[in-house]
Amino acid sequence: MERRGEEPGTRDGGTEQRRNAAEPQPPGGIHQTVTLLWQRAGRNLIRIALHWGFAFWVFFMRAFIFLAALLCSLSSFAAARCDARVPTETVELGDVRLAYQSIGRDSDPALLLVMGLGGQLIHWPDEVVSALCEQGFRVIRYDNRDVGLSAWNVPVPSSRLTYEVVRYRLGLPVSAPYTLTDMAGDALHLLDALDIPQAHVLGASMGGMIAQHIADMAPQRLLSLTLVMTSSGAEGLPAPSESLLRLLARREAASREQAVEQQADLLAALGSPEVRDDRQQLLLQAARSYDRAFNPEGVQRQLLAILAEPSRVPLLNRLQVPTLVIHGTADPLLPVMHGVHVAAHIRGSELKLIPGLAHRFQEAFKEPLLAAVVPYLKAHRQASVVQL
């Protein structure tokens, strides 16, 4: 019997609803909440990551630009500091006036370059000088007495070069107005004038002979010694050809044009057979030297100083200065055995032979020369810093 007011099934439906309400809810709602929170957190993390990533990128780029600008400015500063086109200065040293250039910081270790027979300071290639300066050296190049803008202020009669050369070939004593030892004294006096107590010394050809005397006279003042295309002056070593000697002694010219042609001939003869010289470039180099200074009498007196010099083997045997000897295998003036002989008589010296190098600083050999010289100088530069 049904109750009035109740529709069929209402009671049973209500009971079912109450049962459902009493039963626990499935976990789907909590999962949706957690997912929503995780998605929001993920979006926040992405925003944070993007924000800090962008901030880091901006910081990195600013730092990169700053460092790049700093390096460029340092490079430009080094280039300006090591510009070899500095003014030439002079210093009076008794009866000698020396013209010199100082390239680099005064506080850097000094590197004194000593040029060869008749050579002027401009014959040290500017790019080589700048490269040495950029390695942290104060590079000093100068004109030896009697050449370039330097002078030997003593009145002397004209040198009798032909007569003295004959005596030299006969094994007789040669008379010279001054000696290589005097020229080494010039270099030491220049360092005194520049207030430089110690220096690295690099000499080429006759400059290497002078450098040997510097090392013997004042070993405590040398941080290192580098001898390039030079000789011990000992008897029995290979001699240059007669034709080259004639070119070397030919210093008198009736005109600028003739003098320039003669110098270009000599430069060509001193060059490597592996390099084809441009005659026009040789003439330009010769003209530049002539226009700066032309003193054939002075060159003859320098040559006499070389010829009057006895063998330096005893001197080399007593040297105790760190020494690097560099010589070319194609040197026509002082063949390679001259360099080998020098190194053999200096205790603890290093010898580096450069294939094809002759008796000039030709373009093709500037890099090999720097590759030989720079590591040695840097090693002894560091040693000197530690020592100080």
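Residues numbered from 1 in each chain as written. Predicted model: local features only at pLDDT ≥ 70, side-chain atom pairs only at ≥ 80, totals over all residues. Heavy atoms only, no water.

### Overview of the environment of Thr-181
By the secondary structure assignment, Thr-181 is in helix 5 (residues 180–193). Setting aside residues up to four positions removed in sequence, Thr-181 forms contacts with His-213 and Met-217. (Helix = DSSP H or I, 4+ residues; strand = E, 2+ residues; numbered from the N terminus. Contact = heavy atoms within 4.5 Å.)

### Examining the environment of Ser-231
Along the chain, the position of Ser-231 falls in the loop between strand 7 (222–228) and helix 7 (242–249). C-alpha of Ser-231 to C-alpha of Ala-343: the two residues are 112 residues apart in sequence and 9.6 Å apart in space. Those residues within four positions of Ser-231 in sequence are excluded, and the remaining contacts are Met-209, Gln-212, Leu-237, Arg-312, Leu-334, His-338 and Val-342. Polar contacts involving the side chain of Ser-231 include one to the side chain of His-338, which spans 2.7 Å. (Polar contact = N/O pair within 3.5 Å; in protein donor to acceptor, adjacent residues only side chain to side chain.)

### Comments concerning the packing of helix 5 against helix 6 (residues 206–217)
Between helix 5 and helix 6, the least distance of the axes is 8 Å, while the angle of their chain directions is 70°. The angle between helix 5 and helix 6 places the two elements in the roughly perpendicular class. Residue-level inspection shows Leu-180, Thr-181, Met-183, Ala-184, Gly-185, Ala-187 and Leu-188 of helix 5 in contact with helix 6, the latter providing Met-206, Met-209, Ile-210, His-213, Ile-214 and Met-217. Taken together, the residues of the contact of helix 5 with helix 6 break down into ten nonpolar, three polar and no charged. (Axes fitted to C-alpha atoms, helices over the stretch in contact; angles between N-to-C directions. Parallel < 35°, antiparallel > 145°, perpendicular 65-115°, else oblique. Nonpolar A, V, L, I, M, F, W, Y, C, P; charged D, E, K, R; others polar.)

### Some details on a nonpolar patch on the surface
Together, Val-166, Leu-170 and Leu-172 make up a nonpolar patch on the protein surface, roughly 280 Å² of accessible area in all. Residue placement: Val-166 occurs in helix 4 (residues 161–169). (Patch = residues over 30% accessible without salt bridge, like charges linked within 9 Å, V, L, I, M, F, W, Y side chains within 5 Å. Areas by Shrake-Rupley, 256 points an atom, 1.4 Å probe, with all protein chains shown as cover. Salt bridge = Lys/Arg side-chain N within 4 Å of Asp/Glu carboxyl O.)

### Topic: empty space enclosed by the protein
Counted by the stated rule, this structure contains one cavity of 30 Å³ or more. Volume-wise, the largest cavity comes out at about 120 Å³. If you go around the largest cavity, the residues you meet are Leu-113, Trp-124, Pro-125, Val-128, Leu-132, Leu-202, Val-228, Phe-361, Lys-366, Leu-369, Leu-370 and Val-373. When contributions to the lining of the largest cavity are tallied by element, the ones reaching two or more residues are helix 3 (126–134) and helix 13 (366–387). Broken down by element, the lining of the largest cavity gets its largest block of residues, four residues, from helix 13. Within the lining of the largest cavity, the residues separate by chemical class into eleven nonpolar, no polar and one charged. (1 Å grid on protein atoms, 1.4 Å probe; cavity = no way out; pocket = protein on both sides within 12 Å on 5 of 7 lines; lining within 4 Å. Points joined across faces, edges and corners; volume = space filled by probe spheres on them.)

### Comments concerning the pairing of strand 6 (residues 199–204)
In terms of burial, strand 6 is a largely internal element, six of the six residues being buried. Going residue by residue along strand 6, you find Ala-199, Val-201 and Gly-203 tucked away on one face and His-200, Leu-202 and Ala-204 tucked away on the opposite face as well. One ladder, built from five bridges, connects strand 3 (residues 110–114) with strand 6; its direction is parallel. Across the sheet, Leu-111 pairs through a bridge with His-200, a residue of strand 6. Looking at chain direction, strand 6 and strand 7 are connected through six bridges and run parallel. Each bridged residue has a counterpart across the sheet, and for His-200 the counterpart in strand 7 is Ser-224. (Buried < 20%, exposed > 50% of the residue type's maximum accessible area, 1.4 Å probe, protein only. Pairing = 2+ DSSP bridges.)

### Examining the state of the cysteines
By definition, a disulfide links the sulfur atoms of two cysteines through a covalent bond. Applying the stated rule across the entire model yields one disulfide. Put simply, Cys-82 and Cys-133 are joined by a disulfide, and their sulfur atoms are 2.1 Å apart. Across the S-S bond of Cys-82 and Cys-133 the torsion is about -70°, and the bridge reads as left-handed. With a gap of 51 residues between them, Cys-82 in the loop between helix 2 (28–81) and strand 1 (89–93) and Cys-133 in helix 3 connect regions that are remote in the sequence. With a relative accessible area of 0%, Cys-133 lands in the buried category. (Disulfide = S-S within 2.5 Å.)

### Structural notes on the pattern of salt bridges
In this structure the tally under the stated criterion is 18 salt bridges. Notably, a salt bridge pairs Arg-169 with Glu-242, separated by 3.2 Å at the nearest N-O pair. Taken together, the positions of Arg-169 in helix 4 and Glu-242 in helix 7 put the pair 73 residues apart, joining distant regions of the chain. For Glu-242, a relative accessible area of 43% translates into the label partly exposed. The residue Arg-279 makes a salt bridge to Glu-261 at a minimum N-O spacing of 2.6 Å. Of this pair, Arg-279 sits in helix 9 (residues 279–292) while Glu-261 is found in helix 8 (residues 256–269), placing the two residues 18 residues apart along the sequence. The exposure class assigned to Glu-261 is partly exposed, which follows from its relative accessible area of 32%. Salt bridges sharing common partners tie together Arg-81, Arg-105 and Asp-108.

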